[in-house]
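Structure assessment
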Amino acid sequence: MNQDELKRMVGEAALEYVQPDSIIGVGTGSTVNCFIEALISSRIRIEAAVSSSEATTRLLQAGGIEVVDLNHTGGLDIYIDGADEFDAHRRLIKGGGGALTREKIVAAASRTFVCIADASKQVDVLGAFPLPVEVIPLARSLVARKLVGLGGQPEWREGYVTDNGNWILDVHNLDLVDPVSMEKTINDLAGVVTCGLFAICLLYTSPSPRDQSLYLVCRLLLEKGGGGGGGGGGG
């Protein structure tokens, strides 16, 4: 099974978490695109979606799904998104597609995060995938120097502008053995909007439906005998 087939498989599997007539949060990336295609083709009719990027908004609207502003919805029951990497503790690197800030906002507004990364994205220690950091343009060089001081090798994603009008530094070779601490450290740097570590808010799977929880669809599929695969690429 190749990676495109794995992405389609996890995208389709996420449909079981979608309730009819609900408002759902939708992430960004190639795996999410597979979910959107599956949702449009399914018989599930949702009320609307909150989108994490302009690219996702265009796909949803093209499929006849209304996109609404998070400010008008309040909390969401579910957020569905991919990941560039995840570890055994359900901690993620996201942002390869450049939508990390809006993804983190919509995830924070949702009680359940269904992660539809395929099994090829699982790693023992996060960091093989460069960590995206969204920065205010004025602060690019300042933040880059601070990231070098943390042991990383930042690379400006030159020519790319986020939906928020900011720039991205992709940081190679960071020590992410403790991603919770590193997420806080990077997010506290002046000029950083946010980094692509999703670790602080995903420390547990809560038994309470009123609290945040994270489900890794790929893990559930593997338990049912689903396939694995290789390769990387934007979540």
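Scroll up to find the structure this text is about.
Below, the structure is looked at part by part. The written sequence of each chain sets the order in which its residues are numbered from 1. Local features in this predicted model are restricted to residues whose pLDDT is 70 or higher, and side-chain atom pairs enter the listing and the counts only when it is 80 or higher, whereas totals over whole chains, interfaces and linings include all residues. Water and hydrogen atoms play no part in the side-chain values, which are based on all heavy atoms of the structure.

Okay, the pairing of strand E7 (residues 131–135) next. Side-chain direction in a regular strand flips from residue to residue, so the side chains alternate between the two faces of the sheet. Burial classes follow relative accessibility: with a 1.4 Å probe on protein chains only, a residue under 20% of its type's maximum area counts as buried, one over 50% as exposed, and anything between as partly exposed. Numbering goes from the N terminus for both helices and strands, where a helix is a DSSP run of H or I of at least four residues and a strand is a run of E of at least two. With five of its five residues buried, E7 lies for the most part within the structure. The alternating pattern of E7 places Leu131, Val133 and Val135 and Pro132 and Glu134 on opposite faces, both of which are buried. A strand pair is defined by DSSP finding two or more bridges across the two strands. Taken together, the five bridges between E7 and strand E9 (residues 167–172) define a ladder with antiparallel strand orientation. The residue bridging proline 132 from the neighbouring strand is aspartate 170, located in E9. Judged from the three bridges that link them, E7 and strand E10 (residues 192–195) form a sheet pairing that is antiparallel. Opposite valine 133, over in E10, you have cysteine 195 as the bridge partner.

Moving on, we come to helix H5 (residues 140–149). Of the residues making up H5, those classed as buried are Val143, Ala144 and Leu147. Axial view of H5: buried residues confined to an arc of 105 degrees, hence all on one face. Residues Arg145 and Gly149 are exposed on H5 and point more than 90 degrees away from its buried face. The contact criterion used is simple: two residues touch if any of their non-hydrogen atoms lie within 4.5 Å. Residues of H5 that are buried in the fold lie against E7, strand E8 (153–156), E9, helix H6 (179–187) and E10. Where H5 terminates, the next one or two residues include glycine 151, which has phi positive at roughly 100 degrees. Note that the arc is computed from the directions linking the helix axis to the C-beta atoms.

Attention now goes to the sheet that holds strand E11 (residues 197–198). The sheet built from three strands is open, its strands ordered E4-E5-E11 with antiparallel pairing. The open sheet terminates on both sides in strands that have one partner only, identified here as strand E4 (85–86) and E11. Relative to E11, strand E5 (residues 92–93) runs antiparallel, the two being bridged by two bridges. Along E11, the bridge assignment pairs isoleucine 93 with leucine 197.

Further remarks concern the sheet that holds E10. Read from one edge of the open sheet, four strands run E8-E9-E7-E10, paired in antiparallel fashion. Strand pairing shows two members of the sheet lacking a second neighbour, E8 and E10, which therefore form its edges. Going across the sheet, the axis of each strand differs from the next one's by a mean of 30 degrees, ignoring polarity. Of the strands in this sheet, E7, E9 and E10 touch helix H4 (residues 100–108), which is tilted by about 70 degrees from E10. Orientation is described by lines fitted to C-alpha atoms, with helices fitted over the stretch in contact, and by angles between N-to-C directions that extend from 0 to 180 degrees. Against the sheet, H6 touches E7 and E10, its axis set at about 165 degrees to E10.

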